[in-house]
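Letter by letter, the chains look like this.
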Amino acid sequence: MAITSGAGPHFAWLSVGGGTFPIEHGSVEQHKTRKTSTFSAVIPLSYPGAEAALASLGDNEATVIVQTRGVTATLFTGEADTTEFDYVGRVIRVTGRDKSAKLHENKTSEKWLNKKGSEIVQDLAGRVGLSIEADGSILQAGKKLEQDYVRLSDSISFAAVIDKLAQFDGARWWVDQNGTMQYRVGNSPTGTYTLNYIPPAAGYMIADFMVLKIRRNIQAGKTHKVTVKSWHPKKKEVFEYESNVEGNGGPINHSYHIPNLLKDHVQQYATERANRLTRHELTLHATVVGAPTVNVAMGLQLNGTGFWDQTYEMDTVHHEFGMSGHRTSITARSGKGDRSAS
């Protein structure tokens, strides 16, 4: 897909502090793994206005934009954290993080009554000025889960609360390339990026990637049984649920004892844990010619290998651009085939 579209010129810019500056060399790493996305950029010191603008930054919004083979796209929106002025090399080095940084910096020890997980996430995102697009949670997570999921302890970060809620909901959360927080329940990719491969059976190999590696975790590929038990003191009842993901070998048993959960919460948590344990069975690493429109919200479809052909969920997209060209590296994961918890 990428290579067959041909190589061509590319350009990159950093917009920050009221100016837009050309990037000699830079990188952007987009994460959908509870990590903060980051950027780095090298700016010519001699570029008009660059030194003055970057020397006096305070609160700021930084955007990285690339144009590759005529396609222009935003790779990153966040905040610049550091600037380094190299007067011998005649460059300015800038690094920064996405807007989720404020979720890691702000702390809370409060509880939410009669609130769904998605409502709590929207509340926390709003407090740090993050716009958010969130799928609605099915079950309430406030009062019923305050001991273990919401009121965790004093001085817990907003990000830690969101992460616990996401684990319970079976959700992924991240800040996208435009600076909007995403809270997505289940695996519903926005668009698909396709890699095609023709093995060298009757001639040369044909592929639209430069690197393709697939690693299989044999242990994650076995049958997994997750049992969750919960004692509910008000109802004076134990709720229990077992969720299974069938595989090759096993079973591997996992047992969790969590207080104060009701029947529906026990079932949802067991199902989510089982799916999370097995999605690490297959890990795909690919590098393609720079693809500016690829982002972690997309699914990755692999065709032509035979045994590994399926759709994977992207975890990380890394863009590297500069004088040597523009390359995009993708890490994606999935269980084999249609393995899912029952």
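Everything discussed here concerns the structure shown above.
Everything numeric here is computed off the predicted structure, so don't read it as measured data.

Novice: Where do I start with the sheet that holds strand E18 (residues 252-257) in this structure?
Specialist: Two strands in a sheet stick together by hydrogen bonds in their backbones, pointing the same way (parallel) or opposite ways (antiparallel). Taking strand neighbours across the sheet as the criterion, the three strands line up as E17-E16-E18 in an open arrangement whose pairing is mixed. The open sheet has two edge strands with one neighbour each: strand E17 (237-245) and E18. Adjacent strand axes in the sheet meet at a mean angle of 15°, parallel and antiparallel pairs treated alike. As paired strands, strand E16 (residues 224-232) and E17 are joined by nine bridges and run antiparallel to one another. Among the inter-strand pairings, Thr227 is bridged to a residue of E17, identified as Glu242. Sitting on the sheet, helix H6 (residues 263-278) is in contact with E16, E17 and E18, with an inclination near 30° to E17.

Novice: Help me understand the packing of helix H3 (residues 117-127) against helix H5 (residues 158-169) in this model?
Specialist: Each packed pair of helices is defined by two parameters, the angle between the axes and the distance between the axes. Between H3 and H5, whose axes approach to 10 Å, the crossing angle comes to 155°. Here H3 lies roughly antiparallel to H5, going by the angle between them. The crossing of H3 and H5 is left-handed. Contacts between H3 and H5 involve Gly117, Ser118, Ile120, Val121, Leu124 and Arg127 from the former and Phe158, Val161, Ile162, Leu165 and Asp169 from the latter.

Novice: What's the story with H3 in this structure? I'm lost.
Specialist: An α-helical turn contains 3.6 residues, so a residue and the one three or four places further along point in the same direction. Buried within H3 are the following residues: Gly117, Ser118, Ile120, Val121, Leu124 and Ala125. Angular distribution of buried residues about the axis of H3 spans 160°; they occupy a single face of the element. The first or second residue beyond H3 is Gly129, which carries a positive phi of 80°.

Novice: Would you mind going over the nonpolar core with me for this structure?
Specialist: When a protein is soluble and globular, its nonpolar side chains tend to lie buried together. Among the nonpolar cores identified, the biggest contains 22 residues, and Leu14, Ile23, Phe39, Ile43, Val64, Val94 and Phe321 are the most heavily contacted of them. Put simply, the parts of the chain that give this core at least two residues each are strand E1 (10-16), strand E4 (38-44), helix H1 (50-55), strand E5 (62-68), strand E6 (71-86) and strand E7 (91-98). Each residue touching Phe39, except ones within four places of it in the same chain, is listed here: Leu14, Ser27, Val28, Ala62, Val64, Phe76, Glu79, Ala80, Val94, Thr95 and Gly96. Grouped together as the second largest cluster of nonpolar side chains are 21 residues, Leu195, Val288, Ala291 and Leu300 included.

Reading guide: rules and limits
Residues numbered from 1 in each chain as written. Predicted model: local features only at pLDDT ≥ 70, side-chain atom pairs only at ≥ 80, totals over all residues. Heavy atoms only, no water. Pairing = 2+ DSSP bridges. Helix = DSSP H or I, 4+ residues; strand = E, 2+ residues; numbered from the N terminus. Axes fitted to C-alpha atoms, helices over the stretch in contact; angles between N-to-C directions. Contact = heavy atoms within 4.5 Å. Parallel < 35°, antiparallel > 145°, perpendicular 65-115°, else oblique. Left-handed = near helix turned anticlockwise from the far one by under 90°. Buried < 20%, exposed > 50% of the residue type's maximum accessible area, 1.4 Å probe, protein only. Arc of directions from axis to C-beta. Core = buried A, V, L, I, M, F, W, Y, C linked by side-chain atoms within 4.5 Å.

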